[in-house]
Amino acid sequence: MEEEFSYLIVLADRIRDAVKESESFKLECSQVSKQVNHLSLMFRSVIRLSTNTTVTTNTSSTNHYQSSFYERPVRRIISEVSKALEKTLTLVRKCRQGNCFFHFLTITITSAADFRKIFILLDTSIGDLEWVLSVYDVNSLESNAANELASLTKDNHRNKKIIVEEGGIPPLLRLLKQGSSSPESQIAASNALSYLATDRQRIRTILSEHGAPIIVQVLHESIMSVQISVANLVSRMAKNDPAAQEEFARENIIRPLVSVLSFDTFLDEPKPQPQRPTSFHSLVRINKDLQGGKSNVGIRGSSMHNKYERENENPDVKLELKTKCSEALWMLSKESTSNSRRITETKGLLCLAKIIEKERDELQMNCLMTVMEITSAAEANADLRRAAFKTNSPASKAVTEQLLALVHQETSPSLQIPAIKSIGSLARTFHARETRVIKPVVLQLGNKNLDVATEAAIALGKFACPENFLCVEHSKTIIEYGGVTPLLRLLRPGNDRAQMHGLILLCYLALNVDSGEGLERARSALEGAARSSVLMQNCPSLRNLIPNAISHLAVYETGVYTLMQSYTI
């Protein structure tokens, strides 16, 4: 190490000598000299640090001194700094004193842009050396080192790559796992891993080092401040890699996340009343359960300790923890049927419904987005739909009530849109008599926000589509609640997406119902749309839907006309 840094010092001296002889670009050369002086001082500091950072090991005969200075990343930095100094020396030498022709040639082939590139290289070198000095300071603590890594990885892809290549992930995971005596160290390690977890390949490296079980264990056992940073790490990994979603699920991460969310949340799900034991065997079984419970005093004691800590924690910390856990659940459930099922198998749905009702801002939004992902998975998976959204299920009822409240009472599109989408995803779970579900969505067809109105048309289309067994009954309800008039307004030119989904819904209504308020105007609207080649090209399904709907309306109108004539005659 000494020899390699000595070479850098020699390079720095040569650059300073070349600056003294410079004839052109004197201002730029002067700036180069300042940066190189700074680097030279840092080289000497690192040499002292690497020399002094030693540990003594005893053998049977003598003491041996072994350096505890971790050289691999430093040698990599040396290589980069060496290249930067060599380029700097080449450039500065071009500015030395010489004959007139050479001086003219130098100015011609050298520009201020060349110096700007050199300044950037030297600044990067200074930054790298500053990191070495801060991390390898003999007085530095583990958490300081992890914090330095976190600051280096934030928004810097080059440093992220170097840290992974230099084997930085395993020690960060060890610090996260073994740093229970120092929550600050755990938080620092978790933050550093979070900044690294923005790339699928780096996430796979974390997983390959058995990161998932470590993270789940820390989430389950740690204090709230550590749980916040770990939940954020889970969210980041699940968001950027489906493999992380499944790996965390295998480690049963859903249950502790739901447990944190349900803390302080009264889940008033009806419980079966305990029956009075009527047999000797029942009494023996209860006695065994009680005796068995005594052997779990340690577990219960730990649980009581965690509960006490949570109850006495700052409300802002509790809110932040719930917010991070809700975001982690959202990312875990995103486009994942298996994780959505796992959430419904706990009291997750009921908990999400309660939080949507009581909370606001980011926590409410995260829970709503989680519900949207779960309902989307249920729409595509009949088994999940039947298991999680039974008509008489308290959790299903609670979720539906909160979704309808958001659709009807909210004025924020960011909340209305996911709520409407969720109702549309559950369209096949509602009976024909549950018309209260359809009315709020029909009202949103006339929403001034076109995105909200379009989502309402999409959701109602799932009620009225042929794949829905009750499509005829639902179509009648949509028409009875005055859905045709605002739907026709949605067909106005100007927004192809709104037009397309509006037409699809209108076709379903025309095919399912023979008459109704406003349907007499539907035929002319459909005929006008049929003449739009753009719409027909963008939505192939309309090519058959529109002609069939027009034909059905024409047949009905012809039948009515014939019937009226017969009465007249």
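Residues numbered from 1 in each chain as written. Predicted model: local features only at pLDDT ≥ 70, side-chain atom pairs only at ≥ 80, totals over all residues. Heavy atoms only, no water.

Each helix and strand counted, the chain has 31 helices and 2 strands in total. Of the contacts made within the chain by residues no fewer than 6 positions apart, 74% connect residues no fewer than 24 positions apart. For the chain, the accessible area works out to roughly 30,000 Å², and carbon and sulfur atoms hold 51% of it. (Helix = DSSP H or I, 4+ residues; strand = E, 2+ residues; numbered from the N terminus. Contact = heavy atoms within 4.5 Å. Areas by Shrake-Rupley, 256 points an atom, 1.4 Å probe, with all protein chains shown as cover.)

Here we come to the nonpolar core. By size, the foremost hydrophobic cluster in this structure holds 126 residues, and its most contacted members are M237, F248, I423 and L526. Each residue touching L526, except ones within four places of it in the same chain, is listed here: L503, L506, C507, I546, A549, I550 and L553. Core analysis: the second largest hydrophobic core is formed by 35 residues, F5, A18, V19 and F119 among them. (Core = buried A, V, L, I, M, F, W, Y, C linked by side-chain atoms within 4.5 Å. Buried < 20%, exposed > 50% of the residue type's maximum accessible area, 1.4 Å probe, protein only.)

All right, on to helix α26 (residues 471-480) then. Every buried residue of α26 is accounted for by C471, H474, S475, T477, I478 and I479. Contacts from the buried residues of α26 go to α24 (438-443), α25 (450-464), α27 (484-489) and α28 (496-512). Where α26 terminates, the next one or two residues include G482, which has phi positive at roughly 75 degrees.

Further remarks concern the packing of aromatic side chains. The final tally for this structure, using the stated rule, is 4 aromatic pairs. Seen in terms of ring centroids, F25 and F115 are 5.4 Å apart; in terms of plane orientation they differ by 35 degrees. Their pairing is tilted. One end of the pair, F25, is in the loop between α1 (2-20) and α2 (26-52); the other, F115, is in helix α5 (residues 112-135), with 90 residues separating them in the sequence. Centroid distance F430 to F463: 6.1 Å. Interplanar angle 10 degrees. Geometry classified as stacked. One end of the pair, F430, is in the loop between α23 (413-425) and α24; the other, F463, is in helix α25, and 33 residues separate them in sequence. Here F430 falls in the buried class, since its relative accessible area comes to 6%. Ring pairs connect the aromatic residues F25, F115 and F119, which therefore count as one cluster. (Phe/Tyr/Trp six-rings, centres within 6.5 Å; stacked < 30°, edge-to-face > 60°.)

To continue, consider the side chain of D128. Among the structural elements, D128 can be located in helix α5. Residue D128 is classed as buried on the basis of its relative accessible area of 10%.

Let us now look at the environment of D451. When you line up the elements, D451 lands in helix α25. Here D451 falls in the partly exposed class, since its relative accessible area comes to 44%. For the pair D451 and I417, spaced 34 residues apart in sequence, the C-alpha to C-alpha distance is 7.8 Å.

This part takes up unusual backbone geometry. Unlike most non-glycine residues, H210 shows phi in positive territory, near 60 degrees. Looking at the element boundaries, H210 is found in the loop between α10 (200-208) and α11 (211-221). One non-glycine residue, D361, lies in positive phi territory at about 60 degrees. Looking at where D361 falls in the secondary structure, it is placed in helix α20 (residues 361-380). What makes D361 exposed here is its relative accessible area of 66%.

Here helix α9 (residues 183-196) contains 14 residues, and its C-alpha end-to-end distance of 20 Å stays within 8% of the 20 Å for a straight helix at 1.5 Å per residue. Taken as a whole, α9 has its buried residues at S185, Q186, A188, A189, S190, A192, L193, S194 and L196. (Expected span 1.5 Å × (residues − 1).)

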